[in-house]
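# Summary of structural features
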Amino acid sequence: MKIYIDGEYFDKDNACISVFDHGLLYGDGVFEGIRIYSGRAFKLKEHIKRLFMSAKAIRLDIPLTEKVMEETVTESIRINGTENGYIRLVVTRGKGDLGVDPAKCPKASVIIIVADIELYPEEYYTKGIKIITASTRRLHPDGIDPRIKSLNYLNNILAKIEAAQAGCMEAVMLNKEGYVTECTGDNIFIIYNNVLLTPAPACGILNGITRQTVIELAESTGVETASTFLTQYDLYTADECFLTGTGAEIIPVIMIDGRVVGNGEPGRVTGKLMNEFRATYMPRNFS
Ligand code: PXG
């Protein structure tokens, strides 16, 4: 495994950053998680674009252009010889002093880790999963907009702990007004009367690349879609529900807070979208 840090490649054991890096001290930085299918980064341009938008929102100057970043990620995949895997692209504010002031950090650091992907158990996809609503609320866009994929995931981590305590792999978070936002590392969708509904970015969500891809796939196959405001009632009474994310792809949800979704099995439209996704963007068993 060769890890890129600021223009050089290091072995796993020697890939280190300073304890004075503000990414570590303050969660001051942004990141992306990207899938590699058949040796190619999935939706690389979209991920790089989102990385640069996150950086712009927190006034972080990335010391590479979008084009060079794209080439560097592609080069890292090539050097690692990875066919199917996962890329963690991280940009931190860089090395500073112990104070908060980012002006003391002269240069941002860029890290690219190309790793093997740990897939979820196949039964998640065939049987679906149970989720709960977390009592932890999603960050309000008035503070840090969840569209920024920042290095501070505490909010999501607290909700993830609640999920684990309830025996679930995911938890859905509400926003301050009580509307549904997203799960800790996945966006959420429901199907009601054959219409695909998902929380709008204004609700306070990460605008997922997989989310966007699924909306496009649905529209191209004639499924009506809407980004909107959803409540817990909408989740509980939905015909179908599923989650989307880089690692998850599309995972059906069959129970929410003890309420059975639909008939308790992955739904018809969900299955259609899962098949469409796999057929279009490489099956997860591809090797
Ligand atoms: N919401 C949040 C809060 C996320 O972190 C998604 C939605 C899905 O977005 P994409 O662009 O991937 O479709 C994410 C991204 C993990 C893990 O280990 C997941 C993410 C990030 C980092 C780690 O499950 N998900």
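Given the structure is predicted, the values throughout are model-derived calculations rather than measurements. (Residues numbered from 1 in each chain as written. Predicted model: local features only at pLDDT ≥ 70, side-chain atom pairs only at ≥ 80, totals over all residues. Heavy atoms only, no water.)

### A few points about the domain arrangement of the protein
Heads up, the rule is: These domain limits were set by an automatic method or by a database of domain assignments. Every residue pair with non-hydrogen atoms within 4.5 Å of one another is taken to be in contact. Once two parts are joined, some of their accessible surface, as seen by a 1.4 Å probe, is lost; buried area is that loss totalled over both. A pairing counts as a salt bridge when a side-chain nitrogen of Lys or Arg comes within 4 Å of a carboxyl oxygen of Asp or Glu. Starting at the N terminus, helices and strands are each numbered in turn, a helix being any DSSP run of H or I of at least four residues and a strand any DSSP run of E of at least two. Classification used: nonpolar for Ala, Val, Leu, Ile, Met, Phe, Trp, Tyr, Cys and Pro, charged for Asp, Glu, Lys and Arg, polar for all others including Gly.
The domain boundaries assigned to the protein delineate domain 1 (2-115) and domain 2 (122-281). On the side of domain 2, 18 residues touch domain 1, which itself brings 23 residues to the contact. Summing the contributions of domain 1 and of domain 2, the shared interface buries around 1,600 Å²; its carbon and sulfur component is 64%. Of all residues in domain 1, Phe31, Phe42 and Arg50 give up the largest surface area on contact with domain 2, accounting jointly for 36% of the area buried on that side. We note a salt bridge from Arg35 to Glu249, for which the minimum N-O separation is 3.3 Å. Those elements that provide at least two residues to the side of domain 1 that touches domain 2 are β3 (29-37), α2 (44-57) and β5 (85-92). Looking at the side of domain 1 that touches domain 2, the element that brings in the most residues is β3, giving eight residues. Looking at the side of domain 1 that touches domain 2 residue by residue, the classes come out as ten nonpolar, seven polar and six charged.

### Quick notes on the site of the ligand
Selection rule: We call a residue near a molecule or strand whenever a single non-hydrogen atom of that residue lies within 4 Å of it. Pairs of N or O atoms are called polar contacts if they sit within 3.5 Å, as long as, within protein, a hydrogen donor faces a hydrogen acceptor (for residues adjacent in sequence, only side-chain-to-side-chain pairs). We get accessible surface area from the Shrake-Rupley algorithm with a probe of 1.4 Å; when it comes to residues, only the shown protein chains can shield them.
Taken together, 20 residues surround the ligand, and among them Tyr153, Glu182, Ile209, Thr210 and Thr246 come closest. Interatomic distance of 3.3 Å between a side-chain N/O atom of Lys149 and an oxygen atom of the ligand. Side-chain polar atom of Thr210 to an oxygen atom of the ligand: 2.6 Å apart, as the coordinates give it. Within the complex, 84% of the 550 Å² of free accessible area of the ligand lies under protein.

### Side note on the nonpolar core
Spelled out, the test is: Think of a nonpolar core as a cluster: buried Ala, Val, Leu, Ile, Met, Phe, Trp, Tyr and Cys residues, connected wherever their side-chain atoms sit within 4.5 Å. Remark: exposure states derive from per-residue accessible area (1.4 Å probe, protein chains only) relative to the maximum for the residue type, with buried under 20%, exposed over 50%, and partly exposed in between.
Membership of the largest hydrophobic core comes to 40 residues, with the highest contact counts inside it found for Ile131, Ile188, Leu196, Phe242, Ile256 and Leu273. For this core, the element with the most residues is helix α8 (residues 268-281), which contributes five residues. Ignoring sequence-local partners within four residues, the contact set of Ile188 consists of Ile131, Val172, Val180, Thr181, Glu182, Leu197, Thr198, Pro199, Leu235, Cys241, Phe242 and Leu243. Grouped together as the second largest cluster of nonpolar side chains are 25 residues, Val30, Leu51, Met69 and Ile77 included.

### Re the sheet that holds strand β6 (residues 109-116)
The following threshold applies: Note on pairing: DSSP must find at least two bridges between two strands before they are called paired. Between N-to-C directions, angles cover 0 to 180 degrees, with each direction set by a line fitted to C-alpha atoms, over the stretch in contact for helices.
Ordered by their spatial adjacency, six strands build an open sheet running β2-β1-β6-β5-β3-β4, and the pairing between neighbours is antiparallel. Across the chains shown, the open sheet's two edge strands, defined by having one partner strand only, are β2 (8-11) and β4 (40-41). By the bridge criterion, eight bridges tie β3 to β5 in an arrangement that is antiparallel. When the sheet's bridge partners are listed, Ile34 is paired in β5 with Ile87. Strand contacts of α2: β3, β4 and β5, with the helix running at about 175 degrees to β3, the strand carrying the most contacts. Where helix α3 (residues 66-80) meets the sheet, its contacts fall on β1 (2-5), β2, β3, β4, β5 and β6, and the angle it forms with β6 comes to roughly 35 degrees.

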